[in-house]
Amino acid sequence: VQLVESGGGLVQPGGSLRLSCAASGFTVSSYIMHWYRQAPGKEREWVAGITDYGGSTNYGDSVKGRFTISRDNAKNTVYLQMNNLKPEDTAVYYCAAVMPGRNYWGQGAQVTVST
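Throughout, residues of each chain are indexed from 1 in the direction in which the sequence is written. At least 70 in pLDDT is required for a residue's local features to be given in this predicted model, at least 80 for side-chain atom pairs to be given and counted, and no such filter applies to totals for whole chains, interfaces and linings, which use all residues. With hydrogens and water set aside, each side-chain value is computed from the structure's full complement of heavy atoms.

Student: Break down the overall build of the protein chain for me, with residues and values.
Tutor: Runs of H or I in DSSP of at least four residues are treated as helices and runs of E of at least two as strands, each being numbered from the N terminus. Across its full length, the protein chain carries zero helices and 11 strands. Tracing the protein chain from N to C terminus, the helices and strands come up as β-β-β-β-β-β-β-β-β-β-β. Note on method: radius of gyration uses C-alpha positions; expected globular size equals 2.2 Å times residues raised to 0.38. Relative to the compact-globule value of 13 Å for 115 residues, the protein chain shows a C-alpha radius of gyration of 13 Å, a close match. In terms of its C-alpha atoms, the protein chain occupies a principal-axis envelope of roughly 40 × 25 × 25 Å. Taken over 115 residues, the protein chain has a buried fraction of 41%. Contacts are assigned to residue pairs with any non-hydrogen atoms lying within 4.5 Å of each other. Considering only intrachain contacts with a sequence separation of at least 6, the fraction spanning at least 24 residues in the protein chain is 51%. Here the protein chain carries 10 positive and 8 negative side-chain charges, and the mean point of each set is 3 Å from the other. For every residue, the accessible area obtained with a 1.4 Å probe (protein chains only) is divided by the maximum for its type, and the residue is called buried under 20%, exposed over 50%, and partly exposed between those limits. Asp and Glu are treated as the negative residues and Lys and Arg as the positive ones, with His and the ends of the chain left uncounted. Think of each charge as sitting on NZ of Lys, CZ of Arg, CG of Asp or CD of Glu.

And the structure:
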């Protein structure tokens, strides 16, 4: 099982980024997938999740209405579209797969929102 995030970078406040989480070794549509983030000096924060077969989505209060989680089954990839970014969104973003007995994590993607 492997998860590889990409798409991070530096963006100005109000801008947008799309993070990708490419999965291998399993099928993303068969498991619950999440995005988390961790800012310097802070605990890891849950951002968004998407269920397996139904594809229902949920969001943390701090990102609701600005971020969208989705997946492309053909590419076996989960995305996080981030709009109207704020400086407080600056963090390392991680995708995670929920599996029986353990969760799998990617290596993280840095997102910096700054002028």
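Student: Can you tell me about the side chain of Ser20, naming the residues and giving the values?
Tutor: As for its position among the elements, Ser20 is in strand 3 (residues 17-24). Residues contacting Ser20, with those up to four places away along its chain left out, are Val4, Glu5, Ser6, Trp35, Thr77, Val78 and Tyr79.

Student: I'd like a rundown of the pairing of strand 5 (residues 45-50), residues and numbers included.
Tutor: Remember that side chains alternate between the two faces of the sheet whenever the strand is regular. Whether two strands pair depends on DSSP finding at least two bridges between them. Summarising the sheet, strand 4 (residues 32-38) and strand 5 pair through five bridges and their orientation is antiparallel. For Met33, the partnering residue across the bridge sits in strand 5 and is Ile50. In this structure, the hairpin formed by strand 4 and strand 5 is closed by a connection of six residues, where Gly41 is found at a positive phi of approximately 75°. As defined by bridge partners, strand 5 adjoins strand 6 (residues 57-59) across three bridges and the pair is classed as antiparallel. Note on strand 6: the bridge partner recorded for Ile50 is Thr57. The antiparallel hairpin formed by strand 5 and strand 6 contains six residues in its connecting segment, where Gly55 sits at a positive phi of about 70°.

Student: Tell me about the pattern of salt bridges, and name the residues and values.
Tutor: By convention in these notes, a salt bridge is any Lys or Arg side-chain nitrogen within 4 Å of a carboxyl oxygen on Asp or Glu. Within this structure, the stated rule accounts for four salt bridges. With its nearest N and O atoms 2.9 Å apart, the salt bridge here joins Asp89 to Arg37. Of this pair, Asp89 sits in the loop between strand 8 (77-82) and strand 9 (91-99) while Arg37 sits in strand 4, and the two are 52 residues apart along the sequence. An identical accessibility class is assigned to Asp89 and Arg37; each is buried. Between Asp89 and Arg66 there is a salt bridge, with the nearest N and O atoms lying 2.7 Å from each other. Taken together, the positions of Asp89 in the loop between strand 8 and strand 9 and Arg66 in the loop between strand 6 and strand 7 (67-72) put the pair 23 residues apart, joining distant regions of the chain. Three or more residues are tied together by salt bridges with common partners; here these are Arg37, Glu45, Arg66 and Asp89.

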